Amino acid sequence: MARPFYRVEGFEARRSLGYLIRRLHNLVVPRAEALFADADFTFSQWVVLMAVRDGIADTCGEIARHMDHDTGAITRLVDQLEARGFLVRSRSTSDRRVVHLEITPAGRALAKSLLPRIVEFWNEVLEGFSADEAAQLIALLSRLMVRLEAQPLATAKAAK
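Chemist: Sorry, what's going on with the overall build of the protein here?
Modeler: Across its full length, the protein holds 6 helices and 2 strands. The order of helices and strands in the protein, counted from the N terminus, is α-α-α-α-β-β-α-α. Here the C-alpha atoms of the protein give a radius of gyration of 19 Å, more than 25% beyond the 15 Å that 2.2 N^0.38 yields for 160 residues. Taken along the three principal axes of its C-alpha coordinates, the protein extends 55 × 40 × 25 Å. Looking at the 160 residues of the protein, the share that counts as buried comes to 24%. Contacts in the protein between residues far apart in sequence, at least 24 positions, make up 47% of those at least 6 positions apart. Element-wise, carbon and sulfur atoms account for 58% of the exposed surface of the protein, whose accessible area totals about 12100 Å². Averaging the positions of the 22 positive and the 20 negative side-chain charges in the protein gives two centres separated by 7 Å.

Chemist: Looking at this structure, how should I read the side chain of serine 16?
Modeler: Here serine 16 is to be found in the segment before helix H1 (17-35). Among the polar contacts made by the side chain of serine 16, one reaches the main-chain amide nitrogen of glycine 18 at a distance of 3.2 Å. When sequence neighbours within four positions are dropped, the list of residues in contact with serine 16 reads Tyr6 and Phe11.

Chemist: Any chance you could explain the pattern of salt bridges here in plain terms?
Modeler: When the charged atoms of two side chains with opposite charge come close together, those side chains can pair. Within the structure shown, the criterion is met by 6 salt bridges. Residue arginine 89 is joined to aspartate 79 by a salt bridge in which the shortest nitrogen-to-oxygen separation is 2.8 Å. Of this pair, arginine 89 sits in strand S1 (residues 87-91) while aspartate 79 sits in helix H4 (residues 71-83), placing them 10 residues apart in sequence. Residue arginine 89 is classed as partly exposed on the basis of its relative accessible area, which comes to 28%. Classification of aspartate 79 by relative accessible area gives partly exposed; the value is 36%. Across the salt bridge formed by arginine 89 and glutamate 82, the nearest N and O atoms sit 2.5 Å from each other. Linked by salt bridges that have partners in common, Asp79, Glu82 and Arg89 make up one network.

Chemist: Is there a simple way to explain unusual backbone geometry in this structure?
Modeler: If a residue is not glycine, its phi is most likely negative; likewise, a peptide bond is most likely trans. The residue aspartate 40 is not glycine, and still its phi comes out positive at about 55°. Here aspartate 40 shows up in the loop between H1 and helix H2 (43-53). For aspartate 40, a relative accessible area of 60% gives the class exposed. Phi angles above zero are rare outside glycine, and aspartate 68 is one such case at about 55°. As for its position among the elements, aspartate 68 is in the loop between helix H3 (60-67) and H4.

Chemist: In this structure, what is going on with the nonpolar core? I would like to understand it.
Modeler: For soluble globular proteins, nonpolar side chains are generally found buried alongside one another. Counting 28 residues, the largest nonpolar core has Phe41, Trp46 and Ile63 as the members making the most contacts within it. Per-element tally for this core: the top contributor is H2, with 7 residues. If we ignore the near neighbours within four places in the chain, the residues touching isoleucine 63 are Val48, Ala51, Val52, Ala57, Ile74 and Leu101.

Chemist: Could you clarify how one ought to interpret the packing of aromatic side chains in this entry?
Modeler: Pairs of aromatic rings are described using the distance from one ring centre to the other and the angle between the two planes. Counted by the stated rule, this structure contains 7 aromatic pairs. Measuring from ring centre to ring centre gives 6.5 Å for phenylalanine 36 and phenylalanine 41, while their planes differ by 55°; the resulting arrangement is tilted. The buried category is assigned to phenylalanine 36, whose relative accessible area is 2%. A ring pair is formed by phenylalanine 121 and tryptophan 122, whose centres lie 4.9 Å apart and whose planes are at 65°; its orientation type is edge-to-face. With a relative accessible area of 37%, tryptophan 122 lands in the partly exposed category. Aromatic ring contacts, followed pair by pair, group Phe36, Phe41, Phe43, Trp46 and Phe86 into a single cluster.

Scoring rules and cut-offs
- Residues numbered from 1 in each chain as written.
- Predicted model: local features only at pLDDT ≥ 70, side-chain atom pairs only at ≥ 80, totals over all residues.
- Heavy atoms only, no water.
- Helix = DSSP H or I, 4+ residues; strand = E, 2+ residues; numbered from the N terminus.
- Rg over C-alpha atoms; globule rule 2.2 N^0.38 Å.
- Buried < 20%, exposed > 50% of the residue type's maximum accessible area, 1.4 Å probe, protein only.
- Contact = heavy atoms within 4.5 Å.
- Areas by Shrake-Rupley, 256 points an atom, 1.4 Å probe, with all protein chains shown as cover.
- Lys, Arg positive; Asp, Glu negative; His and termini not counted.
- Charge placed at Lys NZ, Arg CZ, Asp CG, Glu CD.
- Polar contact = N/O pair within 3.5 Å; in protein donor to acceptor, adjacent residues only side chain to side chain.
- Salt bridge = Lys/Arg side-chain N within 4 Å of Asp/Glu carboxyl O.
- Core = buried A, V, L, I, M, F, W, Y, C linked by side-chain atoms within 4.5 Å.
- Phe/Tyr/Trp six-rings, centres within 6.5 Å; stacked < 30°, edge-to-face > 60°.

Shown next as structure tokens:
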């Protein structure tokens, strides 16, 4: 096993993955919300629409887990997107309890029209990073996410 990266002695919060990830989240979300201020569409709605479009999730429950949101809040977002014709619901043929979500042509058109805002935002954020550095950052974050998704929630060792 490789030597642990962190040690109790000399540990600094500003170099903690948890601190950095949370701080980045807190910096990104308000900026992303601002991208949609004039669009009559929220960043949260955008995330739901893109999750369905890209096959990340196709039920309210899956979206809630990916966004770490309450299922009721996601259901309300989906209700809004469905009422506006961007998503449709369909009951599963194999399990009546499951309701799948599908993006409509209007939803695809909206996603396509708003995508330049997100692309420009991330390109600005990554300014000063080489293409290789950006790809490596994405690969490392993806690897970390897969590792965390594979671990049960209660993996912390008992304090000694």
